[in-house]
Protein chains: 2
Amino acid sequence: MTSHELPVKVAINSWRLVVERANTIFSQLQPDQFLAEIAPGKNRIIYLLGHLTAVHDRMFSILSLGPRLHPELDAVFIDAPDQAEAEIPSAQQLKQYWDEVNQKLQSQFQTLSPDEWLLRHSAMTDEDYAQDPTRNRLAVLMNRTNHLSYHLGQIALALKSEA
Amino acid sequence: MTSHELPVKVAINSWRLVVERANTIFSQLQPDQFLAEIAPGKNRIIYLLGHLTAVHDRMFSILSLGPRLHPELDAVFIDAPDQAEAEIPSAQQLKQYWDEVNQKLQSQFQTLSPDEWLLRHSAMTDEDYAQDPTRNRLAVLMNRTNHLSYHLGQIALALKSEA
């Protein structure tokens, strides 16, 4: 193992684990549950699914892993709040995008060497990175894992068994 | 920098960032909001605060960072569901424990060398660790950061501005 291989592997494992947990929850939800609000007056699950897909899709750009798959999602699921747009993709369609984006990301993760994970991400200037080398690709990966966990806690509220 | 120093630093930063976000949210909640359920029929915020404190307090043991501070919390906040116990500490008391535990953890984190973060955690046998070296202290840290993010997404629902 090269120097950074083990910690990078741990971070990718952690990301994959949370994505798998999300997949399990999404597969347990009925079509009408996607249209329900996570709590009274809050986002609907379908909006969070679209939001998470758009945020993960943007990881291709920020990690310099090639072109993103669904830039059209940003207008509805990042720039606008829930219920702002009358026409949004179906939950089934979004679940397909979600799987597609995460599978492609995961295979692209493998193309980066451990050292490349420690390089600055594309939203950083060389000067900023020189000042704070912890703002690298690995930090983006952990941040997005936390972001997914955050919304997963909300989505799980729709499951009967979860508290 | 030694080999693992940068990735370990990124993971500790990520943990601290989410703890700080939690502190900001807890400081914005009014005393009566801690007694509210995060959604109808779900856990109360005070229970989640106690639960998170107990889970973080257990990190001293699993990471071999010395004796834990509040083992008495487990019976109420880990072994039992919310509303099972009539007598629980106040939100103010729990917030004090929460700060105490996280501050002590953070200073203990600094006592571990980067390589020690990659060693197996105390709940693993040598044989298991030999089979899967990614099940180390760093993995525990990321898992707990995700766990905190998960419940934070739920707690944030109590804030007017959050969706």
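One structure accompanies this document, and this report is about it. (Residues numbered from 1 in each chain as written. Chains lettered and ligands numbered in written order. Predicted model: local features only at pLDDT ≥ 70, side-chain atom pairs only at ≥ 80, totals over all residues. Heavy atoms only, no water.)

## Re the interface of chain A and chain B
Logical step 1: Taken together, the contact between chain A and chain B spans 35 residues of the former and 35 residues of the latter.
Logical step 2: For the chain A and chain B pair, buried surface summed over both sides reaches about 3,000 Å², with 66% attributable to carbon and sulfur atoms.
Logical step 3: Contact with chain B buries area across many residues of chain A, yet Lys-42, Asn-146 and Tyr-150 of chain A alone supply 20% of it, more than any other trio.
Logical step 4: On inspection of chain A and its partner chain B, the count reaches zero salt bridges. (Contact = heavy atoms within 4.5 Å. Buried area = accessible area lost by both parts, 1.4 Å probe. Salt bridge = Lys/Arg side-chain N within 4 Å of Asp/Glu carboxyl O.)

## Some points on the nonpolar core
Where a protein is soluble and globular, its nonpolar side chains tend to be buried together.
Logical step 1: Phe-26, Phe-109 and Trp-117 of chain A together with Phe-26, Phe-109 and Trp-117 of chain B are the most contacted members of the largest nonpolar core, which has 102 residues in total.
Logical step 2: In contact with Phe-26 of chain B, other than residues within four places in its own chain, are Phe-34, Leu-49, Leu-52, Lys-95, Trp-98 and Ile-155 of chain B. (Core = buried A, V, L, I, M, F, W, Y, C linked by side-chain atoms within 4.5 Å. Buried < 20%, exposed > 50% of the residue type's maximum accessible area, 1.4 Å probe, protein only.)

## Focus: the environment of Ile-88 of chain A
Logical step 1: Among the secondary structure elements, Ile-88 of chain A is positioned in the loop between helix 4 (73-77) and helix 5 (91-109).
Logical step 2: With sequence-adjacent residues up to four places away left out, Ile-88 of chain A is seen in contact with Arg-44, Ile-46, Val-76 and Phe-77 of chain A. (Helix = DSSP H or I, 4+ residues; strand = E, 2+ residues; numbered from the N terminus.)

## Quick word on the pattern of salt bridges
Logical step 1: Per the counting criterion, the structure on display carries ten salt bridges over all chains.
Logical step 2: Taking the shortest distance from any N to any O, the salt bridge between Arg-68 of chain A and Asp-57 of chain A comes out at 2.9 Å. Here Arg-68 of chain A is found in the loop between helix 3 (59-62) and helix 4, whereas its partner Asp-57 of chain A is found in helix 2 (residues 45-57), with eleven residues between them in sequence.
Logical step 3: Here Arg-68 of chain A falls in the buried class, since its relative accessible area comes to 19%.
Logical step 4: Between Asp-82 of chain B and Arg-44 of chain B there is a salt bridge, with the nearest N and O atoms lying 2.9 Å from each other. Taken together, the positions of Asp-82 of chain B in the loop between helix 4 (73-77) and helix 5 (91-109) and Arg-44 of chain B in the loop between helix 1 (5-28) and helix 2 (45-57) put the pair 38 residues apart, joining distant regions of the chain.
Logical step 5: Among the charged side chains, a network of salt bridges with common partners joins Asp-57, Arg-58, Arg-68 and Asp-74 of chain A.

Taken by themselves, the reported measurements are silent on function.
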